[in-house]
Amino acid sequence: MLWTFVLLVFGIVACASAVIIIRLSQIPPVTLAAYRLLGAALFLSPLFFREWRARHGRWPLRQLLTVPFWPALMLALHFITWIMGARLTPAANASLIVNLAPLVMPFLLYLFLRERINRKEAVATVFALVGVAVLGFSDYTISATFLQGDVICFVSMLFFSIYLVLGRKNRSGLSLWLYMVPLYFYAFCFCLLCALCLEAPLRFYGWRETGLALALALIPTVIGHTVLNYAMRRLRGQVVSILSMFQFVFAGILSYLFFREVPSATFYGVSFLLTLSGLLVTWGVSREEKAVSRPPAAATVTGSGRSQPGR
């Protein structure tokens, strides 16, 4: 369980790099989403074929083709809208809206899985959302110029939340690699079709843009999103949702390192509340796992017929 949390934090840091790469790239948003997904599918394809050969005959081809379809559609829509929204609104607005996922995740988990959040997760959610609210009151501005980007980012957050919940729902359908590679490839096909109608995806954008697209595919997608899907299979959905809010913290740190953007004073207070919420859900899950995994005391039978704890 500890290593799952460590891996999740590593994946969250990888996801946080996406906003940096998106801001550096000049590729149109739908085309960039398509390149990102194609690169992810190609990077992971050796693992897919290795596992397919090892498990050949165990997974029906129909299941392999149908299970990842709807999550792939949600992921494609999330990538497209996130790239578009992040370029139309200030970073503070985009971070605020995308980090509202824990607010809708409990409803989606119950709708799709009948999974209810427990008391610790509810308290941690309150801490996390208070932090987002504080950020909103201090940094968030609504204007006609940014309204379109704000709405697109909110829709992107909904697509992202549904995509994660569907990944948790499909955890018993296919193994991780047999699930993730078709998911990335289907999402790429959808983005490519949209790009063919709206942009020019088949032209060469230069080596710099190609390198940025490959970095976007490898770091936040292959590493980040794959780890998120793995965590959704091993941890409770709201736990993953709350910890994913740390992307805001890591994105702020990366923005300072790459663009010398000095965080506002609010950044540190919100970071503290997010850290508190993350420690709370981690501590709660760890104690629950230890309680479940602790073996019961053995019993011995005395001559009087009464059972006593084993020594």
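As the structure is a prediction and not an experimental result, all values here were calculated from the model. Sequence order sets the numbering: in each chain, residues are counted from 1 along the sequence as written. Whole-chain, interface and lining totals are the exception, using all residues; otherwise, since this is a predicted model, local features are given only for residues with pLDDT of at least 70 and side-chain atom pairs are given and counted only at 80 or more. Hydrogens are left out, water is left out, and the side-chain values use all remaining heavy atoms of the structure.

### Here's the deal with the packing of aromatic side chains
Then, in step 1: Put simply, two rings from Phe, Tyr or Trp (the six-membered ring, in Trp's case) pair if the centres are within 6.5 Å, and we call them stacked under 30 degrees between planes, edge-to-face over 60, tilted for the rest. With the rule as written, the count across this model stands at six aromatic pairs.
Then, in step 2: Between Phe 48 and Phe 49 the ring centres are 5.2 Å apart and the planes differ by 80°, which places this aromatic pair in the edge-to-face class.
Then, in step 3: For a lysine, the NZ atom is tested; for an arginine, the CZ atom; a charge sits over a ring if that atom is within 6 Å of the ring centre and within 35 degrees of the ring normal. Positioned over the ring face of Phe 79 is Arg 36, at 3.7 Å from the centre of the ring.
Then, in step 4: If you follow Arg 203 out to its NZ or CZ, it ends over the ring of Tyr 205, 4.3 Å from the centre.

### Quick word on the pattern of salt bridges
Then, in step 1: Within this document, salt bridges are pairs made up of a side-chain nitrogen of Lys or Arg and a carboxyl oxygen of Asp or Glu, the two lying within 4 Å of each other. Tallied over the entire structure, the rule returns one salt bridge.
Then, in step 2: Across the salt bridge formed by Arg 208 and Glu 209, the nearest N and O atoms sit 2.8 Å from each other.
Then, in step 3: Relative accessible area decides the class of each residue, using a 1.4 Å probe on protein chains only: under 20% of the type maximum gives buried, over 50% gives exposed, and in between gives partly exposed. You can call Glu 209 buried: its relative accessible area is 8%.

### Structural notes on the side chain of Asn 229
Then, in step 1: Tracing the backbone shows Asn 229 in helix 10 (residues 207-234).
Then, in step 2: Contacts: residue pairs with any heavy atoms within 4.5 Å of one another. In contact with Asn 229, other than residues within four places in its own chain, are Tyr 163, Gly 167, Tyr 179 and Met 180. By the criteria applied, helices consist of DSSP H or I runs no shorter than four residues and strands consist of E runs no shorter than two, each listed in order from the N terminus.

### Focus on the confidence of the model for the chain
Then, in step 1: On average, the chain scores 78 in pLDDT, and the residues at 70 or more come to 77%.
Then, in step 2: Every residue is assigned a pLDDT by the predictor, reflecting its confidence on a scale from 0 to 100. Least confident of the elements in the chain is strand 1 (residues 299-301), whose mean pLDDT is 40; most confident is helix 9 (residues 176-198), at 94.
Then, in step 3: Within the model, the stretch residues 286-311 combines pLDDT values under 50 with 15 contacts to residues more than four positions away or in other chains.

### Things to note about the side chain of Thr 81
Then, in step 1: Tracing the backbone through its elements, the reader meets Thr 81 in helix 4 (residues 69-86).
Then, in step 2: Classification of Thr 81 by relative accessible area gives buried; the value is 13%.

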